[in-house]
Amino acid sequence: MPKAELHMHIEGSLEPELIFALARRNSVEIPYADVEALRRAYAFTNLQSFLDIYYAGASVLLTEQDFYDMAWAYLERAAADNVWRTEMFFDPQTHTERGVDMRTVIDGLHRACVDAEVKLGVSAALIMCFLRHLSEQKAFETLEQALPYRDKFIGVGLDSGEVGNPPERFERVFARCRELGLHLVAHAGEEGPPAYVWSALDVLKVERVDHGVQSAKDPALMKRLAQDRIPLTVCPLSNLKLCVFPDLGQHNLGALLDAGLVATVNSDDPAYFGGYMNENFVQTFAATGLTAQQAWQLAANSFEGSFIEAAAKARYIDRLNETFAQFE
Ligand code: ADE
Ligand code: ZN
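Residues numbered from 1 in each chain as written. Chains lettered and ligands numbered in written order. Predicted model: local features only at pLDDT ≥ 70, side-chain atom pairs only at ≥ 80, totals over all residues. Heavy atoms only, no water.

> Would you mind going over the site of ligand 1 with me for this structure?
Every residue lining ligand 1 is accounted for by His9, Leu47, Phe50, Leu51, Tyr54, Asp159, Ser160, His187, Glu190, His211, Asp268 and Asp269. Ser160 is positioned with one of its backbone polar atoms (N or O) 2.8 Å from a nitrogen atom of ligand 1. A total of 260 Å² of accessible area belongs to ligand 1 in isolation, and the protein chains cover 100% of it. Given that more than half its atoms are within 2 Å of the pocket grid, ligand 1 belongs to the largest cavity. The biggest single contributor to the shell around ligand 1 is helix 3 (residues 47-58), with four residues. Class assignment for the residues of the shell around ligand 1 results in four nonpolar, four polar and four charged. (Near = heavy atom within 4 Å. Polar contact = N/O pair within 3.5 Å; in protein donor to acceptor, adjacent residues only side chain to side chain. Areas by Shrake-Rupley, 256 points an atom, 1.4 Å probe, with all protein chains shown as cover. 1 Å grid on protein atoms, 1.4 Å probe; cavity = no way out; pocket = protein on both sides within 12 Å on 5 of 7 lines; lining within 4 Å. Sits in = over half its atoms within 2 Å of the grid points. Helix = DSSP H or I, 4+ residues; strand = E, 2+ residues; numbered from the N terminus. Nonpolar A, V, L, I, M, F, W, Y, C, P; charged D, E, K, R; others polar.)

Laid out in structure tokens, this is it:
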């Protein structure tokens, strides 16, 4: 099934094998004996327990080629899963705080995006995330460092530890990004309450909500998301591995679709959560009994929710419909 991926952190696509290869190439020490020992550490209890390992894994990235190699490995996986469009998050502060130049990060990732279009037929774009456990002042400094490369990313997002770091802490930097014509998204309602989703919408003025699954606790919020057709970029295997839902059978993706929300399926950090796009679909459908019609809806939502221009969206959805027509 053709589809778009709207929520994946490129640093979360670093497979343990690549972490070790880059650690060797760059003479970086990592506190795990081997690939198996690192994989064994992937037993998470919540978002923060994952983030600690995720930031440690990203410490092996130093050169432009490292960023290229990481993105290229993901883009090949995405192409194999019939992802036609991907909007990839990157966390520059994880790298600039270690002394890596913004140019190194963006140039490496962007070169992979350009090659993906030519060599894989995948349309790929970048969204720069601010780390919400750091200050708004740091986010402003990050934006300043990135502006010379403004043509190489399409929007900004907000990620890292959610609870205790509500969206309104970043009101001014998001307002500035809006003036600059950047697309706006934010993680909200992953572990945090519906109030964080409201403030992502009303204070940050985001166009999409990343995760947003906690919105189901607030009927007025559900109505607002449906009426304004705000896409939710849901990540089922991530929610399972970070214990947001006790098992996939209890995931609320079906309820979000039934409520008329523009919900989508995404991989978040596929190297850490046990699967890329198709694996997220296969496991979720096996566990929940979602229908073929809902699979079509999720794929159509992914193109609708993407930041590609309207004509390209319509073309993608036409081709999606042709694919489904073969099975009728
Ligand atoms: N950074 C990488 N993955 C994330 C997630 N699921 N939530 C918040 N920040 C993240
Ligand atoms: Zn995420």
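> I keep staring at the environment of Val185 and nothing clicks. Help me out?
Considering the arrangement of structural elements, one finds Val185 in strand 5 (residues 183-188). For Val185, a relative accessible area of 1% corresponds to the buried category. Each C-alpha atom of the pair Val185 and Ile127 lies 8.8 Å from the other, and the pair is 58 residues apart in sequence. Contact partners of Val185, with chain neighbours within four places excluded, come to Phe89, Ile127, Val156, Gly157, Leu158, Phe174, Val206, Arg208, Asp210 and Phe307. (Buried < 20%, exposed > 50% of the residue type's maximum accessible area, 1.4 Å probe, protein only. Contact = heavy atoms within 4.5 Å.)

> Is there a simple way to explain the coordination of the zinc ion (ligand 2) in this structure?
The textbook angles at a metal center are 109.5 degrees for a tetrahedron of four donors and 90 or 180 degrees for an octahedron of six. For the zinc ion (ligand 2), the full set of protein donor atoms is His7 (NE2), His9 (NE2), His187 (NE2) and Asp268 (OD), at a range of 2.0 to 2.2 Å. Because the angles between the four donor atoms bound to the zinc ion (ligand 2) fall within 84 to 174 degrees, the donor set is best described as irregular. On the primary sequence, the residues serving as donors to the zinc ion (ligand 2) are separated as H-x1-H-x177-H-x80-D. With His9 in strand 1 (residues 3-9) and His187 in strand 5, this pair connects stretches of sequence that are 178 residues apart. Given the relative accessible area of 4%, His9 is considered buried. With relative accessibility at 4%, the residue His187 sits in the buried group. (Donors = N, O, S within 2.8 Å, 3.2 Å for Na, K, Ca; no water. Tetrahedral: all angles 85-135°; square planar, octahedral: opposite > 155°, others 65-115°.)

> Honestly, empty space enclosed by the protein in this entry has me stumped. Any pointers?
Picture a little ball the size of a water molecule; that probe, rolled over the atoms, points out where space is still empty. According to the stated counting rule, one finds two cavities of 30 Å³ or more in the structure shown. Taken as a whole, the largest cavity spans an internal volume of roughly 90 Å³. Surrounding the largest cavity, 14 residues form its lining, His9, Leu47, Phe50, Leu51 and His187 being those nearest its centre. Top contributing element to the lining of the largest cavity by residue count: helix 3, with five residues. (Points joined across faces, edges and corners; volume = space filled by probe spheres on them.)

> I'm lost on the pairing of strand 1 in this one. Help?
Side-chain direction in a regular strand flips from residue to residue, so the side chains alternate between the two faces of the sheet. With seven of its seven residues buried, strand 1 lies for the most part within the structure. Here strand 1 pairs with strand 2 (residues 83-90) via five bridges, running parallel. Each bridged residue has a counterpart across the sheet, and for Glu5 the counterpart in strand 2 is Thr86. (Pairing = 2+ DSSP bridges.)

> Help me out: how do you make sense of the packing of helix 1 (residues 16-26) against helix 4 (residues 64-80) in this one?
Helices that pack against each other are described as a pair by the angle of their axes relative to one another and the distance between those axes. Interaxial distance between helix 1 and helix 4 falls to 12 Å at its minimum, and their mutual angle equals 165 degrees. When the axis of helix 1 is compared with that of helix 4, the two are roughly antiparallel. Relative to helix 4, the crossing made by helix 1 is right-handed. Contacts between helix 1 and helix 4 involve Leu18, Leu22, Arg25 and Asn26 from the first element and Gln65, Asp66, Asp69 and Met70 from the second. Classifying every residue of the contact of helix 1 with helix 4 by side-chain character gives three nonpolar, two polar and three charged. (Axes fitted to C-alpha atoms, helices over the stretch in contact; angles between N-to-C directions. Parallel < 35°, antiparallel > 145°, perpendicular 65-115°, else oblique. Left-handed = near helix turned anticlockwise from the far one by under 90°.)

> I keep staring at helix 9 (residues 194-202) and nothing clicks. Help me out?
The periodicity of an α-helix, 3.6 residues per turn, causes residues three or four positions apart to be oriented the same way. Those residues of helix 9 that fall on the buried side of the exposure criterion are Pro194, Tyr196, Val197, Ser199, Ala200 and Leu201. Tucked inside the fold, the buried residues of helix 9 contact strand 5, strand 6 (208-211) and helix 10 (219-227).

> I would appreciate a short explanation of the sheet that holds strand 6 in the present structure.
Backbone hydrogen bonds hold the strands of a sheet together, and the pairing may be parallel or antiparallel. Read across the sheet, eight strands follow the order 1-2-3-4-5-6-7-8 without closing on themselves; strand pairing throughout is parallel. Where the open sheet ends on each side, the last strands, each with one partner, are strand 1 and strand 8 (263-265). The average angle at which neighbouring strand axes cross in this sheet is 25 degrees, direction not considered. Relative to strand 7 (residues 232-234), strand 6 runs parallel, the two being bridged by two bridges. Of the residues in strand 7, the one forming a bridge with Asp210 is Thr233. Packed on one face of the sheet, helix 4 meets strand 1, strand 2 and strand 3 (123-131) and runs near 150 degrees to strand 2. Packed on one face of the sheet, helix 15 (residues 292-304) meets strand 1, strand 2 and strand 8 and runs near 100 degrees to strand 8.

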